[in-house]
Amino acid sequence: MILGAGTAGTMMANHLARKIDHKNWNITIIDEHKTHYYQPGFLFIPFGTYSEKDVIKKKADFIPKKVEYISEKIEKIEPQANTIKLENGNSIEYNILIVATGCKIVPDEIDGLTDVSIWHKDAFDFYTFEGAMALQKKFENFKGGKLVIHIAEMPIKCPVAPLEFAFLADSFFTKKGIRNDIELIYATPLSGAFTKQNCSTVLGHLLSEKNIKLIPDFNIESVDSNSKKMISFDGKEIDFDCLATIPTNMGDELIENSDMGDELNFIPTDKHTLQSKDHDNIFVIGDATDLPSSKAGSVAHFQAEILTHNVMNFIKNKPLKPDFDGHANCFIESGFGKAFLIDFNYDVEPVEGKFPFPIIGPMSLLKESRLNHFGKMAFKHIYWNVLLRGLPMPGIPTQMKTWGKKL
Ligand SMILES: Cc1cc2nc3c(=O)[nH]c(=O)nc-3n(C[C@H](O)[C@H](O)[C@H](O)COP(=O)(O)OP(=O)(O)OC[C@H]3O[C@@H](n4cnc5c(N)ncnc54)[C@H](O)[C@@H]3O)c2cc1C
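Cut-offs applied
Residues numbered from 1 in each chain as written. Predicted model: local features only at pLDDT ≥ 70, side-chain atom pairs only at ≥ 80, totals over all residues. Heavy atoms only, no water. Near = heavy atom within 4 Å. Polar contact = N/O pair within 3.5 Å; in protein donor to acceptor, adjacent residues only side chain to side chain. Areas by Shrake-Rupley, 256 points an atom, 1.4 Å probe, with all protein chains shown as cover. Helix = DSSP H or I, 4+ residues; strand = E, 2+ residues; numbered from the N terminus. Patch = residues over 30% accessible without salt bridge, like charges linked within 9 Å, V, L, I, M, F, W, Y side chains within 5 Å. Salt bridge = Lys/Arg side-chain N within 4 Å of Asp/Glu carboxyl O. Lys, Arg positive; Asp, Glu negative; His and termini not counted. Charge placed at Lys NZ, Arg CZ, Asp CG, Glu CD. Axes fitted to C-alpha atoms, helices over the stretch in contact; angles between N-to-C directions. Parallel < 35°, antiparallel > 145°, perpendicular 65-115°, else oblique. Left-handed = near helix turned anticlockwise from the far one by under 90°. Contact = heavy atoms within 4.5 Å. Nonpolar A, V, L, I, M, F, W, Y, C, P; charged D, E, K, R; others polar. Pairing = 2+ DSSP bridges. Buried < 20%, exposed > 50% of the residue type's maximum accessible area, 1.4 Å probe, protein only. Phe/Tyr/Trp six-rings, centres within 6.5 Å; stacked < 30°, edge-to-face > 60°. Lys NZ or Arg CZ within 6 Å of the ring centre and 35° of its normal. Expected span 1.5 Å × (residues − 1). Domains from an automatic or database assignment. Buried area = accessible area lost by both parts, 1.4 Å probe.

## Overview of the site of the ligand
Stage number 1. Around the ligand, a shell composed of 29 residues is seen, among which Thr7, Ala8, Asp31, Ile74 and Asp287 lie nearest.
Stage number 2. Here Asp31 contributes a side-chain N or O atom positioned 2.6 Å from an oxygen atom of the ligand.
Stage number 3. His33 has a polar side-chain atom sitting 3.2 Å from an oxygen atom of the ligand.
Stage number 4. Within the complex, 94% of the 1,000 Å² of free accessible area of the ligand lies under protein.
Stage number 5. Put simply, the parts of the chain that give the shell around the ligand at least two residues each are α1 (7-19) and α7 (297-315).

Structure representation (structure tokens):
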């Protein structure tokens, strides 16, 4: 049984449907929403590059025919009874459970942020379709003032997305001819631009080159909706005319109901096998884990390949393979039709080199290029047609390769 038909759950359904013995096993996947969102596309909506048609498709179109698909909200997992409970009151038993319920923003965690006078009027998220669309409307008429890009706390999914948003905003308002009328501020709880040191140095320089002011170590306590100010726990204040914030990211409340998660509802997971730390017949994948890897679709893709082997091994009573190395690769849009590409894992920081093939590339790592930007834009087609369907991606290794990289 797979809980969640987002990026990771859909990939698992496709992989397992090809591998499993359908005479002895049934695969069921459950999700409360009928719509599949291409979340990386939300980044481009505020700037008018993408619209609804780029980011929305029907979930059912990606679930293989041999998999039973239930469209219901899951209320609770009862691991002792190997049962899940649905909101409609039904209970379903499982032999093996894969939790792929992801994570979502919880703006109510910040006092004052969702006050009706400012939420989706002057303070926005772009991590939901609704938030990104509201911000697109705001930017259409935004003539000038202080635009603050803000992260509430880590971890967040796609940790590079707020930086990309800042670079794209610089590019967007420059092209509109009003960049000089807009003060861009990047406020983060981190002590630099990014979580990884090498990257933080490169991207920190880029922020200052583009005249985007970095405010590090800003730990938000509340928002004053009357004076449009963010206030930190140590009394610092940042005022804004328009706020693009990434509120606290948390796993679904079903994890809390099931008493299976940490304080942010992330599930303790073995960092190499993806087995739950508490229950042998439960596996966790994607943003729902508590792993120190990035919460990203690329990571879910690598995890899905490894988890498919491990679920098959578990069925055959064979030992699990500790093969997940935290591998992630992410494009970072830097504006004006260019992007960076980073490749890293649990142990190796993003480094310079070529990707996917050593020496010949053709893409450059930790360097800005037009080709990287085309790679990012092509990712949408790869996502819908290859990645979600669990099809092989030639040349993209599941584990990070260090050959040809400047370690
Ligand atoms: C703005 C933005 C930009 C991004 N950019 C990139 C990028 O460039 N590259 C990249 O690799 N990644 C990117 N990501 C991250 C990527 O989208 C996620 O990491 C990925 O979707 C995680 O997959 P998942 O399956 O774990 O979670 P999701 O895809 O979020 O799926 C979780 C599913 O579980 C379902 N669910 C949850 N709780 C319940 C319940 N109680 N009952 C029933 N169903 C439930 C949800 O409806 C959902 O369908 C970006 C994300 C955002 C928001």
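Once the structure has been displayed, the description carries forward.
## Structural notes on a negative patch on the surface
Stage number 1. Negative charge collects at one region of the surface, where Asp108, Glu109, Glu153 and Glu263 lie side by side.
Stage number 2. Structurally, Glu153 is set in the loop between β12 (145-151) and α4 (161-175).

## Regarding the packing of α4 against helix α5 (residues 197-209)
A pair of packed helices is characterised by two quantities: the angle between their axes and the separation of those axes.
Stage number 1. As a packed pair, α4 and α5 sit with axes 11 Å apart at the nearest point and diverge in direction by 25 degrees. Classed by the angle they form, the pair α4 and α5 counts as roughly parallel. Helix-helix and strand crossings are classified by hand; for α4 and α5 the assignment is left-handed. In this structure, α4 uses Leu163, Ala166 and Phe167 to contact α5, whose residues at the interface are Leu203, Leu206 and Leu207.
Stage number 2. Taken together, the residues of the contact of α4 with α5 sort by class into six nonpolar, no polar and no charged.

## Concerning the sheet that holds strand β20 (residues 282-284)
Stage number 1. The strand order across the open sheet formed by five strands is β5-β2-β1-β9-β20, and the pairing between neighbours is parallel. Every interior strand has two partners, whereas the edge strands, β5 (67-71) and β20, have only one.

## Digging into the environment of Lys354
Stage number 1. With respect to the helices and strands, Lys354 occurs in strand β23 (residues 353-357).
Stage number 2. The class of Lys354 is partly exposed, set by a relative accessible area of 29%.
Stage number 3. Here the alpha-carbon distance between Lys354 and Lys367, two residues 13 residues apart in the chain, equals 9.7 Å.
Stage number 4. Here the side chain of Lys354 touches Ser364 through a polar contact of 3.2 Å, side chain to side chain.

## Thoughts on the pattern of salt bridges
Stage number 1. Going through the model one piece at a time under the given rule, you end up with 16 salt bridges.
Stage number 2. With its nearest N and O atoms 3.7 Å apart, the salt bridge here joins Lys53 to Asp54.
Stage number 3. Taking the shortest distance from any N to any O, the salt bridge between Lys138 and Asp122 comes out at 2.9 Å. Here Lys138 is found in helix α3 (residues 129-141), whereas its partner Asp122 is found in the loop between β10 (103-105) and β11 (123-124), with 16 residues between them in sequence.
Stage number 4. Each of Glu32, Lys73, Lys104, Asp252 and Glu253 takes part in salt bridges that share partners, so that together they form one network.

## Section: the packing of aromatic side chains
Stage number 1. For the structure on display, the rule yields 22 aromatic pairs.
Stage number 2. With 6.1 Å between their ring centres and 40 degrees between their planes, Phe139 and Phe165 make a pair best called tilted. Residue Phe139 is located in helix α3, and its partner Phe165 is located in helix α4; the two are separated by 26 residues in the primary sequence.
Stage number 3. Taking 5.5 Å as the distance between ring centres and 80 degrees as the angle between the ring planes, the aromatic pair formed by Tyr383 and Trp384 counts as edge-to-face.
Stage number 4. The exposure class assigned to Trp384 is buried, which follows from its relative accessible area of 5%.
Stage number 5. Through successive ring pairs, a cluster of aromatic residues spans Phe47, Phe126, Tyr127, Phe139, Phe142, Phe165, Phe172 and Phe173.
Stage number 6. Directly above the ring of Phe266 sits Lys295, whose terminal nitrogen or CZ lies 4.0 Å from the centroid.

## Some words on the pairing of strand β22 (residues 338-344)
Stage number 1. Across the seven residues of β22, six count as buried, placing the element largely inside the fold.
Stage number 2. Here strand β21 (residues 328-335) pairs with β22 via seven bridges, running antiparallel. Along β22, the bridge assignment pairs Glu333 with Ala339.
Stage number 3. Two successive antiparallel strands, β21 and β22, enclose a turn made up of two residues, where Phe336 displays a positive phi of approximately 50 degrees.

## Quick look at α3
Stage number 1. Compared with an ideal rise of 1.5 Å per residue, which puts 13 residues at 18 Å, α3 spans 19 Å between its outermost C-alpha atoms and is within 8% of the ideal.
Stage number 2. Those residues of α3 that sit buried are Phe129, Gly131, Ala132, Ala134, Leu135, Gln136 and Phe139.

## Focus on a nonpolar patch on the surface
Stage number 1. A surface patch of nonpolar side chains, amounting to about 530 Å² of accessible area, comprises Phe357, Ile359, Ile360 and Trp403.
Stage number 2. In this fold, Trp403 is placed in the segment after α8 (370-387).
Stage number 3. Residue class for Trp403 comes out exposed when judged on its relative accessible area of 64%.

## Quick word on the domain arrangement of the protein chain
Stage number 1. Assigned domains of the protein chain: these are domain 1 (2-102 + 252-315), domain 2 (107-249) and domain 3 (328-387).
Stage number 2. Taken together, the contact between domain 1 and domain 2 spans 18 residues of the former and 23 residues of the latter.
Stage number 3. Here domain 1 meets domain 2 over a buried area of about 1,700 Å², counting both sides, of which 73% is carbon and sulfur.
Stage number 4. For domain 1, the biggest contributors to the area lost against domain 2 are Leu43, Pro46 and Phe47; these three give 38% of the whole.
Stage number 5. Here domain 1 is connected to domain 2 by zero salt bridges.
Stage number 6. If you look at where domain 1 meets domain 2, you find three residue pairs in polar contact (both at pLDDT 80 or more).
Stage number 7. Of the residues that constitute the side of domain 1 that touches domain 2, the class distribution is 12 nonpolar, three polar and three charged.

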